[in-house]
Structures are given as C-alpha cells and as structure tokens.
Amino acid sequence: MKCIDAIEGTIKYIISEFHQIYIEERLDDTEYIRNIKAIIDGIDMFIQNNKEIISEAKMLKQVLYSFSKELWLANLEKSYTKNLTSHDEDKGYYDYCFDYIYNHGVYPL
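Residues numbered from 1 in each chain as written. Predicted model: local features only at pLDDT ≥ 70, side-chain atom pairs only at ≥ 80, totals over all residues. Heavy atoms only, no water.

(A) Summary view of the overall build of the chain. Helix and strand counts for the chain stand at four helices and zero strands. Written out in order from the N terminus, the α and β elements of the chain read α-α-α-α. The buried share of the chain, taken over its 109 residues, is 31%. Looking at the chain alone, contacts between residues at least 24 apart form 64% of all its contacts between residues at least 6 apart. (Helix = DSSP H or I, 4+ residues; strand = E, 2+ residues; numbered from the N terminus. Buried < 20%, exposed > 50% of the residue type's maximum accessible area, 1.4 Å probe, protein only. Contact = heavy atoms within 4.5 Å.)

(B) Region of the structure containing the nonpolar core. If you look at the biggest cluster of nonpolar residues, it comprises 24 residues, and the most contacted ones within it are Tyr32 and Trp72. Elements represented by at least two residues in this core include exactly α1 (3-25), α2 (29-49), α3 (57-82) and α4 (88-104). Here this core takes seven residues from α3, the largest share from any one element. With near-sequence residues (within four places) excluded, Trp72 lies in contact with His19, Tyr22, Asp29, Tyr32, Ile33, Tyr94, Cys97 and Phe98. (Core = buried A, V, L, I, M, F, W, Y, C linked by side-chain atoms within 4.5 Å.)

(C) Local environment of the packing of α1 against α2. Where α1 meets α2, the closest approach of the two axes is 11 Å, and the angle between their N-to-C directions is 165°. With respect to α2, the element α1 is oriented roughly antiparallel. Once α1 is placed against α2, the crossing between them reads as right-handed. Of the residues in α2, those in contact with Ile7, Ile11, Ile14, Ile15, Phe18, His19 and Tyr22 of α1 are Asp29, Tyr32, Asn35, Ile36, Ile39, Ile40, Ile43 and Ile47. Taken together, the residues of the contact of α1 with α2 sort by class into 12 nonpolar, two polar and one charged. (Axes fitted to C-alpha atoms, helices over the stretch in contact; angles between N-to-C directions. Parallel < 35°, antiparallel > 145°, perpendicular 65-115°, else oblique. Left-handed = near helix turned anticlockwise from the far one by under 90°. Nonpolar A, V, L, I, M, F, W, Y, C, P; charged D, E, K, R; others polar.)

Following this line, the structure appears as structure tokens:
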C-alpha cells in the first residue's frame, strides 16, 4: 500500500465518523463544514511540512474535500427522500452552500 492510500483512507474514516456524529447529534451545517475544513487543512499542513511522504498534496486535499461534500449532500438527499419531496433544483444551491461555508465559515447571505 502506498503512503498516500493509507493517509487518504485514514482521513476518510475520520471524516465518516465525524459525519455520523453530525447526523446523530444534529449539528449545524456550519459546524460540520468548518470542522471538516479544519481536518482537511490539518492534514494538508502535515503533508506540506513532510513533503517526502507524498508528492500529490493538492490532489489529496481535493479528494478529501469532494468526499466530505458528497457525504453532506447525500445526507440532504436522503432527508428529501424521507420527506417525499423533490428538490433537484435545490441541489445546485446546496452545492454552492457547501463551497461558500467551507470558504467563508458562514451561510451565504
């Protein structure tokens, strides 16, 4: 196993566990997304300080970001299914919301 695979798998597991807490405890979306950013930024700082470990740091950051976002969006979609409401047009909005909260720490105005 490559080092990057071990790091990616470990962080994905941590993100998945945190996502489960987010669901069970009904945390605020901004709390979840800000904490995900802290996890991703933390691993990115570690990789930047230890460049000999992996050479694809930007790719790893993007993979972890996409993984976290998909978990969040999938949870929203699941709640829509439970409510028997179609929100296809809202998916673009929530996609935008995740990006905005990730970059600014708050919901868009």
